[in-house]
Amino acid sequence: MEDMIADAKLKIKEIQSSLIILQKAIQNKEEKLNYNNIDDYLEIIIEKTTNIINSFS
């Protein structure tokens, strides 16, 4: 159970990192971040949240 919680914490930190990157890019209107990059970060967030949900189901 401890391993599962540690894994979930790691995935949540990865989600947080992706959200911070997206937030800063939007706030700064960074030209380097295109729609493909946004889609990639959103895919990571979706994948990690799905994994966390499934691990506790």
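An account of the accompanying structure is given in this report. None of these values were measured; they are calculated from a predicted model.

Side note on the overall build of the chain
Then, in step 1: The helix and strand tally for the chain stands at two helices and zero strands.
Then, in step 2: Based on the C-alpha atoms only, the size of the chain along its principal axes is roughly 45 × 15 × 10 Å.
Then, in step 3: Entry remark: accessible area of the chain is about 4700 Å², with carbon and sulfur atoms responsible for 55%.
Then, in step 4: When the 7 positive and 10 negative side-chain charges of the chain are each reduced to one mean point, those points stand 8 Å apart.

Details of a negative patch on the surface
Then, in step 1: A cluster of acidic side chains, namely Asp39, Asp40, Glu43 and Glu47, defines a negative patch on the protein surface.
Then, in step 2: Looking at the secondary structure, you find Glu47 in helix H2 (residues 35-55).

Considering a nonpolar patch on the surface
Then, in step 1: On the surface, a cluster of nonpolar side chains totalling about 330 Å² of accessible area is made up of Met1, Ile5 and Phe56.
Then, in step 2: Here Met1 lies in the segment before helix H1 (2-28).

Digging into the environment of Asp39
Then, in step 1: Mapped onto the elements of the fold, Asp39 is located in helix H2.
Then, in step 2: A sequence separation of eleven residues divides Asp39 from Thr50, and the C-alpha atoms of the two residues are 16 Å apart.

Digging into the environment of Gln23
Then, in step 1: Note that Gln23 resides in helix H1.
Then, in step 2: Sequence separation between Gln23 and Glu43 is 20 residues, and the spatial gap between their C-alpha atoms is 15 Å.

Here we look at the pattern of salt bridges
Then, in step 1: In the structure shown here, the tally under the stated rule is two salt bridges.
Then, in step 2: Taking the shortest distance from any N to any O, the salt bridge between Lys11 and Asp7 comes out at 2.9 Å. Remark: Asp7 and Lys11 occur in helix H1; sequence separation between them is four residues, near one turn of the helix.
Then, in step 3: Between Glu14 and Lys48 there is a salt bridge, with the nearest N and O atoms lying 2.9 Å from each other. Separated by 34 residues along the polypeptide, Glu14 in helix H1 and Lys48 in helix H2 bring together distant segments of the chain.

Cut-offs used in this document
- Residues numbered from 1 in each chain as written.
- Predicted model: local features only at pLDDT ≥ 70, side-chain atom pairs only at ≥ 80, totals over all residues.
- Heavy atoms only, no water.
- Helix = DSSP H or I, 4+ residues; strand = E, 2+ residues; numbered from the N terminus.
- Areas by Shrake-Rupley, 256 points an atom, 1.4 Å probe, with all protein chains shown as cover.
- Lys, Arg positive; Asp, Glu negative; His and termini not counted.
- Charge placed at Lys NZ, Arg CZ, Asp CG, Glu CD.
- Patch = residues over 30% accessible without salt bridge, like charges linked within 9 Å, V, L, I, M, F, W, Y side chains within 5 Å.
- Salt bridge = Lys/Arg side-chain N within 4 Å of Asp/Glu carboxyl O.

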